[in-house]
Amino acid sequence: QVQLVESGGGLVQAGGSLRLSCAASERTFSNYYMGWFRQAPGKEREFVATISWSGSRGSRVSYVDSVKGRFTISRDNAKNAVYLQMNSLKPEDTAVYYCAAGPVLSDDDRKYIYWGQGTQVTVSS
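A brief look at the structure comes next. Just so you know, these numbers come straight off a predicted model, no measurement behind them.

Quick look at the nonpolar core now. Judged by nonpolar contacts, the single largest core of 35 residues is most densely connected at Leu-4, Met-34, Trp-36, Leu-84, Met-86 and Tyr-97. Within the residue set of this core, elements represented by two or more residues are strand E3 (18-24), strand E4 (33-39), strand E5 (46-51), strand E7 (71-76), strand E8 (81-86), strand E9 (95-102) and strand E11 (119-124). Per-element accounting of this core gives the leading share, five residues, to E9. Beyond its immediate sequence surroundings of up to four residues, Met-86 is in contact with Gly-16, Ser-17, Leu-18, Leu-20, Arg-70, Phe-71, Tyr-97 and Val-121.

Below, the structure is given as structure tokens:
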């Protein structure tokens, strides 16, 4: 059982930055693919970014088009943590952000097994 705890959300003005963190409880964290998803009020949960485990060639990453060039996902297996650096934030980025762990690199939330409780990100215009 992997427990995930997100932090770093908050209120920021448009154009600002936030860095979300997700701490995992499991020592085998490095074996999991990690993802960030978000859910805005009245909308379905949406894929944001995903990162593979780190191999000799580094990690593979993938982003939803709307955040490419603004968001960066990274992980630190020594700290059992994954991060989402969010720059140039827009009001439409407002949502609850969730981190998730799973066995494959995917933008499909059904492929993820473990989920955090979420952290609120609010971007004011």
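Following the criterion strictly, the structure yields six salt bridges and no others. When the shortest N-O distance is used, the salt bridge between Arg-38 and Glu-46 registers 2.7 Å. Classification of Arg-38 as buried rests on a relative accessible area of 6%. Under the relative-accessibility criterion, Glu-46 is labelled partly exposed at 30%.

It is worth spelling out the environment of Asp-108 at this point. For Asp-108, the location among the structural elements is in the loop between E9 and strand E10 (114-115). A C-alpha to C-alpha distance of 21 Å links Asp-108 and Arg-70, two positions 38 residues apart in sequence. Of note is the side chain of Asp-108, whose polar atom sits 2.9 Å from the backbone nitrogen of Arg-110.

Cut-off values and rules
Residues numbered from 1 in each chain as written. Predicted model: local features only at pLDDT ≥ 70, side-chain atom pairs only at ≥ 80, totals over all residues. Heavy atoms only, no water. Core = buried A, V, L, I, M, F, W, Y, C linked by side-chain atoms within 4.5 Å. Buried < 20%, exposed > 50% of the residue type's maximum accessible area, 1.4 Å probe, protein only. Helix = DSSP H or I, 4+ residues; strand = E, 2+ residues; numbered from the N terminus. Contact = heavy atoms within 4.5 Å. Salt bridge = Lys/Arg side-chain N within 4 Å of Asp/Glu carboxyl O. Polar contact = N/O pair within 3.5 Å; in protein donor to acceptor, adjacent residues only side chain to side chain.

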